[in-house]
Amino acid sequence: AMAKWWTTQKENEIIDTCLQFFGGYGYMMEYPIAKLYTNARIQKIYGGTNEIMKMLIARSL
Ligand SMILES: Cc1cc2nc3c(=O)[nH]c(=O)nc-3n(C[C@H](O)[C@H](O)[C@H](O)COP(=O)(O)OP(=O)(O)OC[C@H]3O[C@@H](n4cnc5c(N)ncnc54)[C@H](O)[C@@H]3O)c2cc1C
């Protein structure tokens, strides 16, 4: 749960910065960065949402 939360959170922060770097093009589906952004976003949802990961982590502390 710790690894899932941390890696997907970090992935989204990095991809968000990359998208910002591309400006408006980063938001257009014709550009690979937009697809990377979409793919990264779901990682915080499936396989157990990151909110649920935090609950699991909290229980173990
Ligand atoms: C593309 C895709 C593929 C998938 N593939 C699979 C698969 O192969 N096998 C499989 O079993 N499942 C699969 N899923 C389902 C996936 O695991 C669930 O979507 C995920 O667990 C979230 O459940 P939910 O969609 O019902 O959201 P919900 O549980 O309804 O959550 C909605 C929101 O509320 C938040 N939330 C819920 N409960 C709490 C709480 N107690 N405290 C704080 N926040 C809370 C969540 O974090 C989320 O942000 C897939 C989903 C998608 C989108």
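My aim in this report is to walk through the structure given alongside it, one point at a time. In this text the structure is predicted, and so the values were computed from the model without any measurement.

Turning to the site of the ligand, a few remarks are in order. Close to the ligand lie Ile-42, Ile-45, Tyr-46, Gly-47, Thr-49, Glu-51, Ile-52 and Met-55, which account for all nearby residues. Here an oxygen atom of the ligand and a side-chain polar atom of Thr-49 are 2.7 Å apart. When the free accessible area of the ligand is taken as 970 Å², the share hidden by the protein chains comes to 28%. For the shell around the ligand, the element with the most residues is helix α3 (residues 50-60), which contributes 3 residues. Here the shell around the ligand is composed, by residue class, of 5 nonpolar, 2 polar and 1 charged.

Next up on the list: helix α2 (residues 32-42). Every α-helix carries 3.6 residues per turn, so stepping three or four residues along brings you back to the same face. Along α2, the positions that sit buried rather than exposed are Ile-33, Ala-34 and Ala-40. Buried residues in α2, looked at end-on, bunch into an arc of 125 degrees, giving them a common side. Of the surrounding secondary structure, the elements contacted by the buried residues of α2 are α1 (2-22).

Here the focus is the environment of Lys-4. Checked against the element boundaries, Lys-4 lands in helix α1. Note: C-alpha distance between Lys-4 and Phe-21 (17 residues apart in sequence) is 26 Å. Those residues in contact with Lys-4, other than ones at most four positions away along the chain, are Gln-43, Lys-44, Ile-45, Tyr-46, Gly-47, Gly-48, Asn-50 and Met-53. Within the structure, the side chain of Lys-4 is placed 3.0 Å from the backbone oxygen of Tyr-46, a separation counted as a polar contact.

Looking at where Asn-50 falls in the secondary structure, it is placed in helix α3. Here Lys-4 takes part through its side chain, which lies 3.3 Å from a polar atom of the side chain of Asn-50. At 3.0 Å, the side chain of Asn-50 and the side chain of Thr-8 are in polar contact.

What counts and what doesn't
Residues numbered from 1 in each chain as written. Predicted model: local features only at pLDDT ≥ 70, side-chain atom pairs only at ≥ 80, totals over all residues. Heavy atoms only, no water. Near = heavy atom within 4 Å. Polar contact = N/O pair within 3.5 Å; in protein donor to acceptor, adjacent residues only side chain to side chain. Areas by Shrake-Rupley, 256 points an atom, 1.4 Å probe, with all protein chains shown as cover. Helix = DSSP H or I, 4+ residues; strand = E, 2+ residues; numbered from the N terminus. Nonpolar A, V, L, I, M, F, W, Y, C, P; charged D, E, K, R; others polar. Buried < 20%, exposed > 50% of the residue type's maximum accessible area, 1.4 Å probe, protein only. Arc of directions from axis to C-beta. Contact = heavy atoms within 4.5 Å.

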